[in-house]
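Report on the structure
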Amino acid sequence: MELAITIFIDGLTYASWLFIVALGLTLVFGVLKILNIAHGSFYALGAYAAATFVGWVATMKWAPGWTLVAIFMAAIVIAVLVAPLTEKGLLRFFYGHDEVLLVLVTYALFLCMEDITKLIWGANPYYVSEPYGLFGNIEIGNQIYVGYDFLLIVIAVVVGSVVWFGLNRTRQGKIVTAVIHSPEIASSMGVKVSKVYMMAFGVGVFLAALGGAFTAPMISVQPGLSVGVIIVSFAVVIIGGLGSIEGAAIGALIVGLARAFAVHVVPVAELFSIYVVMALVLMVKPEGLFQRIQARKI
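The paragraphs below set out a description of the structure included in this document. Not measured: the values here are computed from a predicted model.

Definitions and limits used
Residues numbered from 1 in each chain as written. Predicted model: local features only at pLDDT ≥ 70, side-chain atom pairs only at ≥ 80, totals over all residues. Heavy atoms only, no water. Helix = DSSP H or I, 4+ residues; strand = E, 2+ residues; numbered from the N terminus. Rg over C-alpha atoms; globule rule 2.2 N^0.38 Å. Areas by Shrake-Rupley, 256 points an atom, 1.4 Å probe, with all protein chains shown as cover. Lys, Arg positive; Asp, Glu negative; His and termini not counted. Charge placed at Lys NZ, Arg CZ, Asp CG, Glu CD. Axes fitted to C-alpha atoms, helices over the stretch in contact; angles between N-to-C directions. Parallel < 35°, antiparallel > 145°, perpendicular 65-115°, else oblique. Contact = heavy atoms within 4.5 Å. Nonpolar A, V, L, I, M, F, W, Y, C, P; charged D, E, K, R; others polar. Phe/Tyr/Trp six-rings, centres within 6.5 Å; stacked < 30°, edge-to-face > 60°. Buried < 20%, exposed > 50% of the residue type's maximum accessible area, 1.4 Å probe, protein only. Expected span 1.5 Å × (residues − 1). Bend = angle between axes of the 7 residues up to and from the residue. Salt bridge = Lys/Arg side-chain N within 4 Å of Asp/Glu carboxyl O. Polar contact = N/O pair within 3.5 Å; in protein donor to acceptor, adjacent residues only side chain to side chain. Patch = residues over 30% accessible without salt bridge, like charges linked within 9 Å, V, L, I, M, F, W, Y side chains within 5 Å. Core = buried A, V, L, I, M, F, W, Y, C linked by side-chain atoms within 4.5 Å.

Turning next to the overall build of the chain. In terms of helices and strands, the chain carries 11 helices and 4 strands. Relative to the compact-globule value of 19 Å for 298 residues, the chain shows a C-alpha radius of gyration of 19 Å, a close match. For the chain, the spread of C-alpha atoms along the three principal axes comes to 60 × 50 × 35 Å. As presented, the chain carries roughly 14700 Å² of accessible surface, and 70% of it is formed by carbon and sulfur atoms. Positive and negative charge centroids in the chain, built from 15 and 14 side chains respectively, lie 16 Å apart.

Below is the structure:
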């Protein structure tokens, strides 16, 4: 029983930050129809920015609680600086082209951003330890867990709820949905599709950076961080169904629990377990568990 509880909590913790990142990836695909390989780079930028901002707060000797504000602000700064530059300066020129070309463009962007992060922050790892001890430890049964891990779960629930509410219960969300189904008809009705694209891409970048920023205290922030993240994020959205918020949530939970089970039971199969689960799901549901309903074209 204790092993089952440990696997569940570890899987939920892993799934929480992964859901935030995958949510941004699936949102960008749902609106812009872009499989953004550079999404992992935005995650890494969020982690590096969080390390820098938390370092500034520590230098100023502010109260420890300000480190959480610094982490959140790091994600906002990355989104504000990177999203307009990427969408308006690069991706906008390739809308309407073949999907394979867009994948290659975002892959080239990914390679460039890997070198840019090394130029800015260097090749040495960064450690953001200050926020990790803010919430102390929580004892469940005979096991002790770090309270910060449960904060990530709460943040994932809040972020998922806000994005779902924004898309399904607000006027702007209805406009985004209209653009998803038919950009041409939405444009003919007076919707500025370019602004919708910019907004959706900005939110996607923010979510990736937010996931990286809040994960920074749990990991070593170093070059190559983005590679593993984008691979696992794609596994999540493929399992859940491209463009589906519910699919991203279920996919992240499946991947998180599969990884936690492998870590505690069969450690050598940690990475392999994720792809086994993905293969099994695709054998039954090739389009993913929650593939968005496509409008029939006549």
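Turning our eyes to something else, we now look at the packing of helix H6 (residues 171-181) against helix H8 (residues 193-215). Contact geometry for H6 and H8: axes closest at 10 Å, N-to-C directions at 105°. On the basis of the axis angle, H6 is roughly perpendicular to H8. Between H6 and H8, the residues in contact are Ile175, Val176 and Val179 and Val193, Val196, Tyr197 and Met199, respectively. Grouping the constituent residues of the contact of H6 with H8 by class yields 7 nonpolar, no polar and no charged.

With that out of the way, let us pick up the packing of aromatic side chains. Overall, the coordinates contain 12 aromatic pairs when judged by the stated rule. Note on Phe53 and Trp56: the rings are 5.2 Å apart at their centroids and 25° apart in plane angle, and the pair reads as stacked. With Phe53 and Trp56 both in helix H2 (residues 39-60), this residue pair falls 3 residues apart, about one helical turn. The class for Phe53 is buried, based on a relative accessible area of 18%. A network of ring pairs unites the aromatic residues Tyr14, Trp17 and Tyr43 as a single cluster.

Moving on to helix H3 (residues 66-89). For an α-helix, 3.6 residues make a turn, and residues three or four places apart therefore share a direction. With 24 residues, H3 should cover 34 Å at 1.5 Å per step; its first-to-last C-alpha distance of 34 Å lies within 8% of that length. At Val82, H3 shows its maximal bend, which comes to roughly 30°, and the proline Pro84 appears one to four places after that position. Within H3 the residues assigned to the buried category are Thr67, Ala70, Ile71, Ala74, Ala75, Ile78, Ala79, Val82, Ala83, Thr86 and Glu87. Packing partners of the buried residues in H3 comprise H2, helix H4 (99-121), helix H5 (147-168) and H8.

Time to look at H8. Here H8 contains 23 residues, and its C-alpha end-to-end distance of 33 Å stays within 8% of the 33 Å for a straight helix at 1.5 Å per residue. In terms of burial, H8 is a largely internal element, 18 of the 23 residues being buried.

As a further point, take the pattern of salt bridges. Applying the stated rule across the entire model yields 3 salt bridges. Ionic pairing is found between Arg92 and Glu87, a salt bridge with its closest N-O pair at 2.8 Å. Its relative accessible area of 0% is what places Glu87 among the buried residues. Note that Arg259 and Glu270 form a salt bridge whose closest N and O atoms lie 3.2 Å from each other. Of this pair, Arg259 sits in helix H10 (residues 245-265) while Glu270 is found in helix H11 (residues 270-284), placing the two residues 11 residues apart along the sequence.

Inspection of the secondary structure assignment puts Ser273 in helix H11. Relative accessible area serves as the criterion here: at 12%, Ser273 is assigned to the buried category. Among the polar contacts made by the side chain of Ser273, one reaches the main-chain carbonyl oxygen of Glu270 at a distance of 2.6 Å. Residues contacting Ser273, with those up to four places away along its chain left out, are Ala258, Arg259 and Ala262.

On to the side chain of Ser244. The topology assignment puts Ser244 in the loop between helix H9 (225-240) and H10. For Ser244, a relative accessible area of 6% corresponds to the buried category. Not counting chain neighbours up to four residues away, the residues in contact with Ser244 comprise Thr26 and Phe290.

What follows concerns a nonpolar patch on the surface. Among the surface-exposed residues, Trp56, Met60, Trp62, Trp66, Val69, Phe72 and Met73 lie close enough to one another that they form a single nonpolar patch of about 740 Å² accessible area. Taken together, the elements giving at least two residues each to the nonpolar patch come down to H2 and H3. Take the nonpolar patch: its biggest share by element is 4 residues, from H3. With respect to the secondary-structure elements, Trp62 resides in the loop between H2 and H3. In this structure Trp62 comes out as partly exposed when scored by relative accessible area, which is 45%.

Counting residues in hydrophobic clusters, the biggest one holds 92 residues, and the most contacted among them are Val31, Leu32, Phe42, Phe201 and Val255. With 14 residues, helix H1 (residues 2-32) is the single largest residue contributor to this core. Look past the residues within four positions of Phe201 in its chain and what remains in contact with it is Val28, Leu32, Asn36, Phe42, Ala83, Thr86, Glu87 and Leu91.

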